[in-house]
Amino acid sequence: MRYLLWIAATFCCFLLQGKLSVLGVAPNFTILPVYYAGLRHGETRGLLAGILIGFFEDSLSYSLIGPHLMSHAIIGYTSAFLVSGALFRWTALLGVIAVATLTVADNIIVFAAKSIFDKVPALFSTVVYTSVMQALINAPAGIFLVSKNAD
Amino acid sequence: MSRKKALLPIVVIISFILMTYQSKKGHFGSPAQISSLLDSAHKTIASLTGSLSQPFKRLALREEENTRLRQRVDELLLERDRYLDAVLENKRLKELLKLQESSKTTVAAARVVARGTGHWEHTLVLDKGLKDGVAKDMTVITPMGLAGKIISVTDSFSRMLLLSDINFSAAVRVRETRKEGVLAGTGTRTCMLKYVPYEEEIKTGDVIATSGLDSLFVPGVPVGYVSKVDNKGLGGNFQYIELTPFQDSSRIEEVLVIR
């Protein structure tokens, strides 16, 4: 049942990502289940969620398989350390900062991987604008995605 | 190093191997079932929200629409009279020159069901696919002008690459002066007109249309107008020309796929 919920939540993220647009920028919601998996269940499950969701996203983009897989795996893995109590104590503000930072990091990894192994996917100014917008859209989710170590 | 800590470097190394392999040998094909599942969900949501919001929209817009349409009918009647002579003259001249009408064939009228999931790709998912006759590299237009081209097709859905995508390019020409160039997407609202030498005179406001010289796009489809010309060396050996497409990529709802 729990796995079905995870699949449904991830599917919803993909659906919303394809439907919503804020000032011409589509959100990057798929990072949220990966972040939450790392936050709640540790680095191994975070990594695994990142690999699966990243592979799914790569498959849908009809281009290089690997950039999202790698970026999401890194995000899932690092989110476990960032806010699970190993390095920091979870607070709502830290959650917001972590989600925003990891969203930007995800974009940077994808952009770098695509630029190196495929072709430059967008102008640098577009990358900066998109990353900042996606970070701002995702940031409030950091308040609600609560670590199990939270007070 | 503990087993857990070794996992991340292993995943990163595998990703690098995977991407290096694809950069050498070409991309792996994407499993059509995965995207079809998501595209079907998009279509269901689109039709659901459409059927729910349609009656309310209709009510709100009816009065305004009626007034506007009445004005428009009057304008069009006047306009029609003015153009009738021109059309007849045009027809006569075409017959004289034995020119044939351009053979634009409409393949399908499609509805946009979603945007592509890639962060940087400017793509849209259309609700028509192989079953409706849509094929890769077909031209996609709207009443405003060129919108993009088909880049992948499944049985029931297809994906179009928008003009604004950085990977988009098309052979175009200035409608009046017939000067040629290459249109390229920039990832923003505006596009670039490339490879126009300095000696060619391009003015702001010039209308650009597809030339068909790339054997991909149907010739004569309006693309946009020149919004900025810089011939002071910003574009290297060629002029730096910015073009604003007639069709705003963020407002596309219905399209025509033609060949």
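Numbers given to residues run from 1 along each chain, matching the order in which its sequence is written. Each chain takes a letter, starting from A, and each ligand takes a number, starting from 1, following the order in which they are written. Given that the model is predicted, a residue must reach a pLDDT of at least 70 before its local features are reported, and side-chain atom pairs must reach 80 or more before they are shown or counted; all residues, however, enter totals for whole chains, interfaces and linings. The basis for every side-chain value is the complete set of non-hydrogen atoms in the structure, without hydrogens or water.

Digging into the pattern of salt bridges
Residues and elements named next belong to chain B.
Part 1 of the argument: Here, a salt bridge means any side-chain nitrogen of Lys or Arg that lies within 4 Å of a carboxyl oxygen of Asp or Glu. Applying the stated criterion across every chain yields a total of 7 salt bridges over all chains.
Part 2 of the argument: A salt bridge links aspartate 206 to lysine 203, with the shortest nitrogen-to-oxygen separation between them at 3.9 Å.
Part 3 of the argument: With relative accessibility at 10%, the residue aspartate 206 sits in the buried group.
Part 4 of the argument: The classification of residues rests on relative accessible area computed with a 1.4 Å probe and restricted to protein chains. Under 20% of the type maximum is buried, over 50% is exposed, and intermediate values are partly exposed. We classify lysine 203 as partly exposed; its relative accessible area is 43%.
Part 5 of the argument: Linking aspartate 248 and arginine 251 is a salt bridge whose minimum nitrogen-to-oxygen distance equals 3.0 Å.
Part 6 of the argument: Aspartate 248 sits in the buried class, given a relative accessible area of 17%.
Part 7 of the argument: Residue class for arginine 251 comes out exposed when judged on its relative accessible area of 63%.
Part 8 of the argument: Taken together, the salt bridges that share partners define one network made up of Arg189, Asp248 and Arg251.

Some details on the confidence of the model for chain B
Part 1 of the argument: Every residue carries a pLDDT, the predictor's confidence in it, which falls somewhere between 0 and 100. Summarising the model, chain B shows a mean pLDDT of 82, and 90% of its residues fall at 70 or more.
Part 2 of the argument: The ipTM assigned to the predicted complex is 0.80, against a pTM of 0.65.

Focus on the layout of surface pockets
Part 1 of the argument: What the largest pocket holds in volume is close to 1,300 Å³.
Part 2 of the argument: Where the lining of the largest pocket is concerned, the elements lending two or more residues are helix 1 (2-19) and helix 5 (124-138) of chain A together with helix 2 (32-97), strand 1 (106-115) and strand 2 (123-126) of chain B.
Part 3 of the argument: Elements are defined by DSSP. Helices are runs of H or I of four residues or more, strands are runs of E of two residues or more, and each kind is numbered from the N terminus. When residues of the lining of the largest pocket are assigned to their parent elements, the largest contribution, 6 residues, is made by helix 2 of chain B.
Part 4 of the argument: Looking at the lining of the largest pocket, its residues break down into 15 nonpolar, 20 polar and 10 charged.
Part 5 of the argument: Counting contributing residues, the lining of the largest pocket receives three or more from each of domain 1 (1-102) and domain 2 (109-259) of chain B.
Part 6 of the argument: Taken as a whole, the second largest pocket spans an internal volume of roughly 510 Å³. Cavities and pockets are defined on a 1 Å grid built over the protein atoms alone: a cavity is a set of grid points where a 1.4 Å probe fits but cannot escape, while a pocket is an open set with protein on both sides within 12 Å along at least five of seven lines, and lining residues are those with an atom within 4 Å of any such point. Grid points are joined across faces, edges and corners, and a volume is the space filled by probe spheres set on the points. All amino acids are sorted into three groups, where Ala, Val, Leu, Ile, Met, Phe, Trp, Tyr, Cys and Pro are nonpolar, Asp, Glu, Lys and Arg are charged, and the leftover types, Gly among them, are polar. Start and end points for every domain follow an automatic or database-based domain assignment.

Thoughts on helix 1 of chain A
Part 1 of the argument: In a helix, the anticipated span is given by 1.5 Å times the number of residues less one. Between its first and last C-alpha, helix 1 of chain A extends 26 Å over 18 residues, near the 26 Å set by a 1.5 Å rise per residue.
Part 2 of the argument: Thr10(A), Cys13(A), Phe14(A), Leu15(A), Gln17(A) and Gly18(A) are the residues of helix 1 of chain A that are buried.

Re the side chain of Thr103(A)
Residue and element names in this part refer to chain A.
Part 1 of the argument: Here threonine 103 shows up in helix 4 (residues 92-117).
Part 2 of the argument: Each polar contact in these results corresponds to two N or O atoms within 3.5 Å; when the atoms are within protein, one needs to be able to donate a hydrogen and the other to accept it, and residues that are neighboring in sequence are counted only if both atoms are side-chain atoms. Within polar-contact distance, the side chain of threonine 103 engages the backbone oxygen of valine 99 at 2.6 Å.
Part 3 of the argument: Residues within four places of threonine 103 in sequence aside, it is in contact with Asn28, Ile31, Gln134, Ala135 and Asn138. Should any heavy atoms of two residues lie within 4.5 Å, those residues are considered in contact.

Considerations on the sheet that holds strand 7 (residues 180-185) of chain B
Residue and element names in this part refer to chain B.
Part 1 of the argument: Pairing between strands requires that DSSP locate at least two bridges from one strand to the other. Reading around the circumference, 6-7-8-11-10-9 is the order of the 6 strands in this closed barrel, with antiparallel pairing throughout. Strand-to-strand twist of the sheet, defined as the mean angle between neighbouring strand axes without regard to direction, takes the value 40 degrees.
Part 2 of the argument: As paired strands, strand 8 (residues 191-194) and strand 11 (residues 240-245) are joined by 3 bridges and run antiparallel to one another. What sits directly across from methionine 192, in strand 11, is glutamate 242. Throughout, an axis means a line fitted to C-alpha atoms (over the contacting stretch in the case of helices), and angles, computed between N-to-C directions, take values from 0 to 180 degrees.

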